[in-house]
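An overview of the molecular structure
If you want the building blocks of each chain, they are given just below.
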Amino acid sequence: MATTFGDSKSDLMQRAQDRMAQTLTEPDWTIRQKLALTCRALSDRGHDSGLTGQITARGEEPGTYYTQRLGLGFDEITQDNLLLVDEDLNVLEGDGMANPANRFHSWIYRARPDVQCIVHSHAYHVAALSMLEVPLVISHMDTTALYDDVAFLPFWPGVPVGNEEGETIAAALGDKKAILLAHHGQIIAGASIEEACSLGVLIERAAELQMTAMAAGEIKPLPEQLAREAHDWTLRPARSAANFAYYARRALVNHPDAITQT
């Protein structure tokens, strides 16, 4: 006989959260492995645009982070060809050079101690929406992890290789999880690699939904209280970890060379 039909929603949510913590597990991947898998997973979902974009993660030492070597696309990244750089983009480990546009990552990491991973890309629908100079609208249940958590930079400051652009972008991002950059693309500022990968998938999905909905009519807003509840529920670390594990498994099917499996 069922015993939970009289329970409150908050009780059911807490019980589900407790069970997630007990039952959801993921492989013990390293930072390099998770970053490589994120590059492959997001490449498969339309985030690659030639050699543009960077996906980075903080290194073990303060003031360092892992990034891609300039000249490689997201679909070519492995755990072994990642670079470790300092805030000035000096290469500490690996061969080659970092993309000079990584400079704004240094600004974000310095401004946001809570950020462990940054996903920047010119994904197709994000880039198209950015050309309209309108903010990203979160109006569907599937994308509520980004509800009221996407900043907007309404102008293009130019190619982001200078400190001016880094300062501008970091300031515009503020304390949000993401930002839409006019005439440019998007940035995710994740509390973990798992969260950044999950939100990277969602922001392109949200832009695609918005472009489709705008072509059909007026987008209606979500009820604020319910949307905030959904944001907090879907952004929990256990959910991000489960999402990432799924995206990583898919990436490994398509790209078994991304990591060295032991």
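Residues numbered from 1 in each chain as written. Predicted model: local features only at pLDDT ≥ 70, side-chain atom pairs only at ≥ 80, totals over all residues. Heavy atoms only, no water.

You can see Pro62 is positioned in the loop between strand 1 (54–58) and strand 2 (64–67). For the pair Pro62 and Gly166, spaced 104 residues apart in sequence, the C-alpha to C-alpha distance is 19 Å. (Helix = DSSP H or I, 4+ residues; strand = E, 2+ residues; numbered from the N terminus.)

Moving on, we come to the environment of Gln33. Among the structural elements, Gln33 can be located in helix 2 (residues 31–44). The exposure class assigned to Gln33 is buried, which follows from its relative accessible area of 10%. Separated by 103 residues in sequence, Gln33 and Leu136 place their C-alpha atoms 31 Å apart. When sequence neighbours within four positions are dropped, the list of residues in contact with Gln33 reads Asp28, Gln79, Ile259 and Thr260. (Buried < 20%, exposed > 50% of the residue type's maximum accessible area, 1.4 Å probe, protein only. Contact = heavy atoms within 4.5 Å.)

Take the pairing of strand 8 (residues 185–190) next. Counting buried positions along strand 8 gives six out of six residues, so the element sits mostly inside the fold. Relative to strand 8, strand 5 (residues 117–121) runs antiparallel, the two sharing five bridges. Looking at strand 8, one finds that His120 is bridged to Ile187. For strand 7 (residues 178–181) and strand 8, the ladder comprises four bridges, and the chain directions are antiparallel. By the bridge assignment for strand 8, Leu181 is matched with Gly185. Counting the residues between successive antiparallel strands, the hairpin from strand 7 to strand 8 contains three residues, one of them, His183, with a positive phi of roughly 60 degrees. (Pairing = 2+ DSSP bridges.)

As a general feature of sheets, a regular strand has side chains that alternate between the two faces. As paired elements, strand 6 (residues 150–153) and strand 7 share four bridges and run parallel to each other. In the strand pairing of strand 7, Leu153 is matched with Leu181. With helix 5 (residues 163–173) bridging strand 6 and its parallel neighbour strand 7, the resulting β-α-β unit is right-handed. (Right-handed = clockwise from strand over helix to strand, strands pointing away.)

This part is about the UniProt feature "domain: Class II aldolase/adducin N-terminal" (unreviewed entry) in the protein chain. Per the UniProt record, "domain: Class II aldolase/adducin N-terminal" (unreviewed entry) is found at residues 33–211. A helix fraction of 32% and a strand fraction of 20% characterise residues 33–211, whose end C-alpha atoms lie 34 Å from each other. (UniProt positions renumbered as here; feature names shortened; annotations may be inferred.)

Moving on to the packing of aromatic side chains. For the structure shown, the criterion picks out three aromatic pairs. Aromatic side chains Tyr65 and Tyr109 sit 5.1 Å apart centroid to centroid with 40 degrees between the ring planes, which places their arrangement in the tilted category. With Tyr65 in strand 2 and Tyr109 in helix 3 (residues 103–111), the pair connects residues that are 44 residues apart, well separated along the chain. Summarising the burial analysis for this pair, Tyr65 and Tyr109 share the class buried. Relative to Tyr247, the ring of Tyr246 has its centre 5.6 Å away and its plane inclined at 50 degrees; by these criteria the two rings are tilted. A relative accessible area of 37% places Tyr246 in the partly exposed class. (Phe/Tyr/Trp six-rings, centres within 6.5 Å; stacked < 30°, edge-to-face > 60°.)

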